[in-house]
Amino acid sequence: HRAFLGNAQTPVSSNLSQSVVAPAAGKYLLLFDSIVEQNFTAASLVGTLASSGGPSATVDLLATKIPAGSSYTGGGFANIGAATPPYNIQQMLMISGVNAGDTLTVSVAMTNGIAGTANPQSAVVDNFRLTLIPEPSTAVLGGLGLIGLVIRRRAARSEV
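Everything numeric in this text was worked out from a predicted model, so none of it was measured.

Participant: How would you summarise the overall build of the chain if you had to cite specific residues and measurements?
Facilitator: Summing up its helical and strand segments, the chain has one helix and eight strands in all. Reading the chain from its N terminus to its C terminus gives the helix and strand order β-β-β-β-β-β-β-β-α. Counting only residues that meet the buried cut, the chain has 32% of its 160 residues in that class. Excluding contacts between residues fewer than 6 apart, the proportion of contacts in the chain whose partners are at least 24 apart in sequence is 84%. For the chain, the exposed surface amounts to about 9,100 Å²; the carbon and sulfur share of it is 57%.

Participant: Lay out unusual backbone geometry with the relevant residues and their values.
Facilitator: Working note: non-glycine residues mostly have negative phi, and peptide bonds are mostly trans. One non-glycine residue with positive phi stands out, namely Asn112, at about 55°. You can see Asn112 is positioned in strand β7 (residues 103-113). The class of Asn112 is partly exposed, set by a relative accessible area of 34%. Phi at Asn127 is positive, roughly 60°, even though this residue is not glycine. Mapped onto the elements of the fold, Asn127 is located in strand β8 (residues 122-133).

Participant: I'd like a description of the sheet that holds strand β5 (residues 56-60), backed by residues and values.
Facilitator: Neighbouring strands of a sheet are bound in pairs by backbone hydrogen bonds; such pairs are parallel or else antiparallel. Overall, antiparallel pairing links the four strands, which are arranged β2-β7-β4-β5 in an open sheet. The two strands at the open ends of the sheet, each matched to only one other strand, are β2 (12-21) and β5. Taking the axes of each pair of neighbouring strands and ignoring which way they run, one obtains an average angle of 10° across the sheet.

What counts as what
Residues numbered from 1 in each chain as written. Predicted model: local features only at pLDDT ≥ 70, side-chain atom pairs only at ≥ 80, totals over all residues. Heavy atoms only, no water. Helix = DSSP H or I, 4+ residues; strand = E, 2+ residues; numbered from the N terminus. Buried < 20%, exposed > 50% of the residue type's maximum accessible area, 1.4 Å probe, protein only. Contact = heavy atoms within 4.5 Å. Areas by Shrake-Rupley, 256 points an atom, 1.4 Å probe, with all protein chains shown as cover. Pairing = 2+ DSSP bridges. Axes fitted to C-alpha atoms, helices over the stretch in contact; angles between N-to-C directions.

Here is the structure:
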C-alpha cells in the first residue's frame, strides 16, 4: 500500500518500484488497484511494467480519477479494492515477448506533486499481482505432442 501525497508546499517527486526475474518466457499481466482523489494535483502519475528485454506498457493514473459526483468523501482508503465507494480502479498492464531470465520492473512514479486546490489529497496504489499468461501456442504444441504419443503407442501395439 503506497500513498503519493499531492499536498506539498513545493513540488515533490516520488517513485515506487520493484524488480523480479521472469521465470519463464511469455506474456506477463500486471493487475493493481489505484485511487486518485479528485483534487490530487501532480504533473504526472504513471504506472509501468517493463522488461529488460524491451517490451513495456504504461498507464496514466491521473486519467482514472474517482468519478465526479460519487459519494466518496476521501481519507483513510479503508476500502481499497471495493466496488462501491470509496472506489478503487483496477489497472491492467500486459507485455508480450518476455524471455526467461529478463528482469521485469513494476513502477509507479509521481512527478511534481503539489498543494491541491481543496483539502490535501492523495493517490494510492495497492494489491499488485504479476502473472505469467500461458500462450495458446504452447498449449497447442503440448496437445499435439500428446496426440503424437497416443498415435505412436497405438501403432506400436498393432505391430505386436
